[in-house]
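# Descriptive analysis of the structure
Single-letter residue listing:
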Amino acid sequence: MPNLLMDQEQKFSESGEAQIKIPEVLPVLPLRDIVIFPFMIVPLFVQRERSIRAVDQALSEQRMIMLVSQRDLDKEEPRRADLYDIGTVAVIMRMLKLPDGRIRILVQGLSRARLLDVEEGGQYLRGHIAVLREVVAEPSLELEALMRSVKASLEKTVSLGKNVSPEVMAIAANLEDPGRLADLTASNLDLKVEDAQSVLDLVDQYARLRRINDLLNKEINVLTVQQEINSQAKGEIDRSQREFYLRQQLKAIQQELGEGNELAEEINSYKEKIAEAKMPEKVEEEALRQLKKLERMHPDAAESATLRNYLDVLVSLPWSKSSKDNLDLKEAERILNEDHYGLEKVKERILEMLAVRKLKERAKGPILCLVGPPGVGKTSLGRSVARALGRKFVRLSLGGLHDEAEIRGHRRTYVGAMPGRIIQAIQQAGTNNPLIMLDEIDKVGRDFRGDPSSALLEVLDPEQNYSFRDNYLGVPFDLSNVMFMTTANVLDTIQPALRDRMEVIRLSGYTEIEKLAIVRRHILKKQMEESGITAKQLSISDSAIKMIITQYTRESGLRQLEREIGSICRKVARRVAEGQDKLIRVTAKNLSEFLGAPKILPEEALRKDQVGIATGLAWTPVGGDILYIEALLMKGKGNLLLTGQLGEVMKESAQAALSYAKARAKELGIAEDMFGSYDVHIHLPEGAIPKDGPSAGVTLLTALVSVFSNRPVKHTVAMTGEVTLRGNVLPVGGIKEKILAAHRNGIRTLILPSANKKDMEELPKEILKDVNLVFVDNVKQVLKLALADKPAKLTPT
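Here's a quick rundown of the structure. (Residues numbered from 1 in each chain as written. Predicted model: local features only at pLDDT ≥ 70, side-chain atom pairs only at ≥ 80, totals over all residues. Heavy atoms only, no water.)

## What to know about the overall build of the chain
- In terms of regular secondary structure, the chain is built from 27 helices and 24 strands.
- Overall, the chain is about 125 × 95 × 60 Å in size when its C-alpha atoms are taken along their principal axes.
- Taking all 797 residues of the chain together, the buried fraction comes to 48%.
- Restricting the contact set of the chain to residue pairs at least 6 apart, pairs at least 24 apart contribute 74%.
- Of the roughly 40,800 Å² of accessible surface on the chain, 50% is carried by carbon and sulfur atoms. (Helix = DSSP H or I, 4+ residues; strand = E, 2+ residues; numbered from the N terminus. Buried < 20%, exposed > 50% of the residue type's maximum accessible area, 1.4 Å probe, protein only. Contact = heavy atoms within 4.5 Å. Areas by Shrake-Rupley, 256 points an atom, 1.4 Å probe, with all protein chains shown as cover.)

Listed below in structure tokens is the structure:
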């Protein structure tokens with residue numbers, strides 16, 4: 001904006017303003033991005049055709065024109081609604097036509113005026129106006145103070161860097177009219193159109209001056225903050241220049257003294273490390289290229305720290321450093337047996353892999369996935385395998401991981417970027433062939449940041465991982481020498497493509513005999529050592545350990561059992577610390593003194609045969625369990641009610657069982673009118689736990705037939721199997737876990753589908769000797785084995 005002046009010696013004084021006759025109809029000139037105040041002299045450039053015609057018309061008449069600001073600056077042809085209501089009547093002092101078709105006019109504001117109406121149909125805008133007379137402020141102390149405040153604030157804006165000409169400051173200092181002072185200040189503040197218009201709208205001199213005072217205070221605050229920012233920036237620049245100057249001086253001094261340059265020494269150090277790392281050719285080329293970039297860079301540049309970190313990662317990776325595998329099969333077998341009891345299938349698979357590697361040096365290693373309930377030793381088995389192979393072991397927990405960059409790394413453009421977990425694990429191991437255990441791979445998440453499971457596809461594929469490219473490194477790294485093992489509790493949540501890349505080995509729960517042996521060989525020694533006691537101070541009998549297994553823990557794994565053993569050791573440690581020096585013997589009789597009352601007891605209802613209650617077997621992600629199914633008759637019309645949070649498949653199994661019972665009512669000894677006269681309610685206790693699957697079909701049928709025929713179900717019998725409408729018993733899964741669960745709960749007679757005989761190979765021999773397995777093909781065999789021959793004395797209700 002050009003420098004704006006208020007001419008105190010102008011020919012239009014306030015007294016003269018009243019004598020000048022301003023017409024009621026004047027040409028209208030819409031203004032963009034400026035508000036003109038009375039007594040303000042300013043040049044304007046006019047280029048719109050209608051506006052040029054309005055200027056020509058004004059020059060042909062009294063040289064007066066109505067100047068009104070537009071509400072919307074982008075409107076090329078503004079209408080009445082696009083213009084503010086209050087404007088300024090001005091006189092055109094000079095006019096100059098420019099070569100490009102525009103005209104330049106010099107105008108001087110005369111008076112505020114209200115735009116009443118606009119004639120829009122002609123060649124230019126014609127406005128009907130009403131001149132506004134100012135409300136003169138009465139002299140008072142408050143007015144005097146306000147005027148002094150405005151003058152002082154205006155001076156302060158100049159001291160803070162506001163560009164106001166000395167002539168304007170001199171005029172402002174001598175002005176005694178509050179309205180003129182407000183207009184002069186507003187015209188030199190570079191206000192937004194909205195703020196300037198709000199000043200123009202005020203005809204009351206006192207209100208206008210107060211409004212200007214508020215705007216001045218706001219401007220002072222903005223200028224103060226701006227000055228602080230400029231000062232800080234200048235200080236930073238000065239400090240950087242000073243540091244650069246001092247460093248240059250230091251460099252010159254070092255050269256004079258014959259001392260080495262720090263940067264040159266650092267570059268030479270990196271070159272030596274790159275040579276020692278024995279990187280692949282392309283990786284070495286990239287490392288040297290980045291090193292040259294660092295050499296050309298200023299030592300204090302922000303990017304130099306990023307480059308140093310990148311080079312540190314590159315040279316620290318074991319590109320050619322490998323550990324030698326222990327290929328002695330007998331020694332490896334001894335280590336595996338020493339660390340873990342049982343788990344023969346896993347050990348056999350590890351030894352097979354070792355045998356192949358012994359015969360073929362560059363054999364591709366399999367990706368083993370250990371699946372089983374918590375606490376069975378999946379993670380510790382990986383550590384044991386690494387020890388048997390003589391490899392470094394690194395464990396990566398993937399539980400809750402939901403960012404793809406955690407696997408592939410972050411690109412170096414990001415602040416705080418780092419390699420992914422795989423490269424970090426290699427760096428931590430210090431060799432390029434460690435055993436990396438990817439723990440809890442079934443609990444990997446996914447969200448808007450990517451899918452880590454998809455990133456793992458390349459990592460776990462031997463056909464692709466020889467050139468794994470981390471986003472941070474930007475160069476390929478060979479993962480084909482790395483042995484990967486993964487663990488999971490369930491397979492359902494693992495992405496199918498990822499599951500296809502892994503060889504699944506299932507780990508079932510431990511039997512009571514296995515747990516007893518593990519406690520003797522590992523857990524008891526470990527807990528006694530952690531508690532600071534010895535075998536001379538504590539002795540636990542086998543009967544006490546078995547009682548802990550059956551009555552204080554009920555799990556597939558060993559974690560709760562280890563906690564209970566630890567609790568006994570701590571109590572003994574306290575007695576020893578208090579001065580007791582005799583051997584403390586823990587037996588089944590005094591076990592409650594150390595662990596309290598037994599936590600797990602058989603339910604009272606299952607100590608005898610009852611009508612309508614059958615025992616089923618279930619599989620869960622943490623192992624097997626027993627499942628009680630209750631059936632009850634009520635007066636009704638033959639409806640079936642199912643409760644206990646059952647899934648759709650289990651509901652359909654119950655409906656199929658009821659249909660079979662109805663179709664075979666006479667054969668099963670059920671009165672035909674029973675189905676129409678009674679409603680049947682089937683309930684599975686522990687209703688908070690969802691239940692689903694077809695394996696409870698035979699158990700549902702047994703409970704239904706029991707309640708309709710009033711024949712009790714033998715409480716010593718448990719069963720599993722899917723039932724069809726024809727009465728066939730179909731095979732189900734999880735047989736090993738179910739048998740172990742029944743054995744844990746003291747059930748020794750189990751009814752199983754004949755097609756599941758093949759699963760008996762996985763069961764320990766001691767379990768097979770202790771249970772009576774009955775294989776059936778039809779529900780008739782099930783009912784014959786599970787139901788008592790005679791009806792109960794009490795009739796069902």
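From this point, the narrative continues.
## Quick look at the pairing of strand β9 (residues 435-439)
- Within β9, 5 of the 5 residues are buried, leaving the element largely enclosed by the surrounding structure.
- Taking every second residue as pointing to the same face, both faces of β9 are buried, with Leu435, Met437 and Asp439 on one and Ile436 and Leu438 on the other.
- Taken together, the 5 bridges between strand β8 (residues 393-397) and β9 define a ladder with parallel strand orientation. Directly across from Val394, in β9, lies its bridge partner Ile436.
- In this sheet, strand β12 (residues 483-488) lies alongside β9 in parallel orientation, the contact comprising 4 bridges. The residue bridging Met437 from the neighbouring strand is Met485, located in β12. (Pairing = 2+ DSSP bridges.)

## Thoughts on the sheet that holds β8
- With parallel pairing, the 5 strands of this open sheet are ordered in space as β8-β9-β12-β7-β13. Edge strands, defined here as strands with exactly one partner in the open sheet, are β8 and β13 (503-506). Between one strand and the next, the sheet's axes are offset by a mean angle of 20°, whatever the strand orientation.
- Relative to β12, strand β7 (residues 368-371) is paired through 4 bridges, and the arrangement is parallel. Each residue of the ladder has a partner; that of Leu370, found in β12, is Thr487. (Axes fitted to C-alpha atoms, helices over the stretch in contact; angles between N-to-C directions.)

## Quick look at the packing of helix α18 (residues 512-531) against helix α19 (residues 542-552)
- Contact geometry for α18 and α19: axes closest at 10 Å, N-to-C directions at 120°. With respect to each other, α18 and α19 are oriented oblique. For the pair α18 and α19, the sense of crossing is right-handed. Note on element contacts: α19 touches α18 through Asp542, Ile545, Lys546, Ile549 and Thr550, opposite Glu512, Lys515, Leu516, Val519 and Arg520.
- A class-by-class count of the residues in the contact of α18 with α19 yields 4 nonpolar, 1 polar and 5 charged. (Parallel < 35°, antiparallel > 145°, perpendicular 65-115°, else oblique. Left-handed = near helix turned anticlockwise from the far one by under 90°. Nonpolar A, V, L, I, M, F, W, Y, C, P; charged D, E, K, R; others polar.)

## A short note on the environment of Gln495
- Positionally, Gln495 belongs in the loop between β12 and α17 (496-500).
- Between the alpha carbons of Gln495 and Ile441 there is a distance of 9.9 Å; along the sequence they are 54 residues apart.
- Sequence-distant contacts of Gln495, that is, excluding residues within four places in its chain, are made with Asp451, Ser453, Ser454 and Leu457.

## Let's talk about helix α4 (residues 166-174)
- Buried residues of α4: Val168, Met169, Ile171 and Ala172, and no others. Relative to the axis of α4, the buried residues are bounded by an arc of 160° and lie together on one face. Facing away from the buried side of α4, by more than 90 degrees, are the exposed residues Pro166 and Asn174.
- Summarising the contacts, the buried residues of α4 are in contact with α3 (141-159) and α5 (178-187). (Arc of directions from axis to C-beta.)

## Focus: a nonpolar patch on the surface
- Residues Leu632, Met634 and Leu641 make up a contiguous nonpolar surface patch of roughly 240 Å² in combined accessible area.
- Considering the arrangement of structural elements, one finds Met634 in strand β17 (residues 623-635). (Patch = residues over 30% accessible without salt bridge, like charges linked within 9 Å, V, L, I, M, F, W, Y side chains within 5 Å. Salt bridge = Lys/Arg side-chain N within 4 Å of Asp/Glu carboxyl O.)

## Re the nonpolar core
- Counting 65 residues, the largest nonpolar core has Leu44, Met66, Val89 and Ile105 as the members making the most contacts within it.
- At 7 residues, strand β5 (residues 103-119) tops the list of elements feeding residues into this core.
- Excluding residues within four positions of it along the chain, Leu44 makes contact with Leu29, Leu31, Ile34, Ile36, Ile103, Arg104, Ile105 and Val107.
- Leu263, Leu398, Leu457 and Val459 belong to the second-largest nonpolar core, a separate cluster that totals 55 residues. (Core = buried A, V, L, I, M, F, W, Y, C linked by side-chain atoms within 4.5 Å.)

## Thoughts on the packing of helix α24 (residues 697-709) against helix α27 (residues 779-786)
- Viewed as axis vectors pointing N to C, α24 and α27 meet at an angle of 60°, and their least axial separation amounts to 10 Å. Between α24 and α27, the crossing angle belongs to the class labelled oblique. As for the relative orientation of α24 and α27, their crossing is right-handed in sense. Only Val779, Val782, Leu783 and Ala786 of α27 make contact with α24, whose side of the interface consists of Val698, Leu701, Thr702 and Val705.
- A breakdown of the residues in the contact of α24 with α27 according to their chemical character gives 7 nonpolar, 1 polar and no charged.

## Side note on the pattern of salt bridges
- Under the definition given, this model contains 33 salt bridges.
- Here Glu142 makes a salt bridge to Arg210, at a shortest N to O gap of 3.3 Å. One end of the pair, Glu142, is in helix α3; the other, Arg210, is in helix α7 (residues 205-257), with 68 residues separating them in the sequence.
- Arg210 gets classed as partly exposed once you look at its relative accessible area, which sits at 37%.
- Linking Glu338 and Arg387 is a salt bridge whose minimum nitrogen-to-oxygen distance equals 3.1 Å.

## Details of the packing of aromatic side chains
- Inspection of every chain in the model, using the stated rule, returns 3 aromatic pairs.
- Their ring planes at 65° and their centres at 5.9 Å tell us that Tyr310 and Tyr472 sit as a pair that is edge-to-face. On the criterion of sequence distance, the pair formed by Tyr310 in helix α10 (residues 302-316) and Tyr472 in the loop between β10 (468-469) and β11 (476-477) is long-range, its members being 162 residues apart. For the pair formed by Tyr310 and Tyr472, the shared burial category is buried.
- A centroid spacing of 4.6 Å and a plane angle of 45° characterise the contact between Phe675 and Phe708, whose relative ring orientation is tilted. Taken together, the positions of Phe675 in helix α23 (residues 674-677) and Phe708 in helix α24 put the pair 33 residues apart, joining distant regions of the chain. In terms of burial, Phe675 and Phe708 fall into one category: buried. (Phe/Tyr/Trp six-rings, centres within 6.5 Å; stacked < 30°, edge-to-face > 60°.)

## What about unusual backbone geometry?
- The backbone phi angle of Glu440 is positive, close to 55°, even though this residue is not glycine.
- Tracing the backbone through its elements, the reader meets Glu440 in the loop between β9 and α16 (452-459).
- Note on Glu440: relative accessible area 24%, which makes it partly exposed.
- Not every positive phi belongs to a glycine, and Gln645 is a case in point at roughly 60°.
- Secondary-structure assignment places Gln645 in the loop between β18 (640-643) and α22 (648-663).
- The class of Gln645 is partly exposed, set by a relative accessible area of 40%.

## Description of the pairing of strand β4 (residues 86-97)
- Summarising the sheet, strand β3 (residues 64-69) and β4 pair through 4 bridges and their orientation is antiparallel. Bridge assignment links Ile65 to a residue of β4, and that residue is Ala90.
- From the end of β4 to the start of β5, which pair antiparallel, there are 5 residues, and Gly101 there has a positive phi angle of about 100°.

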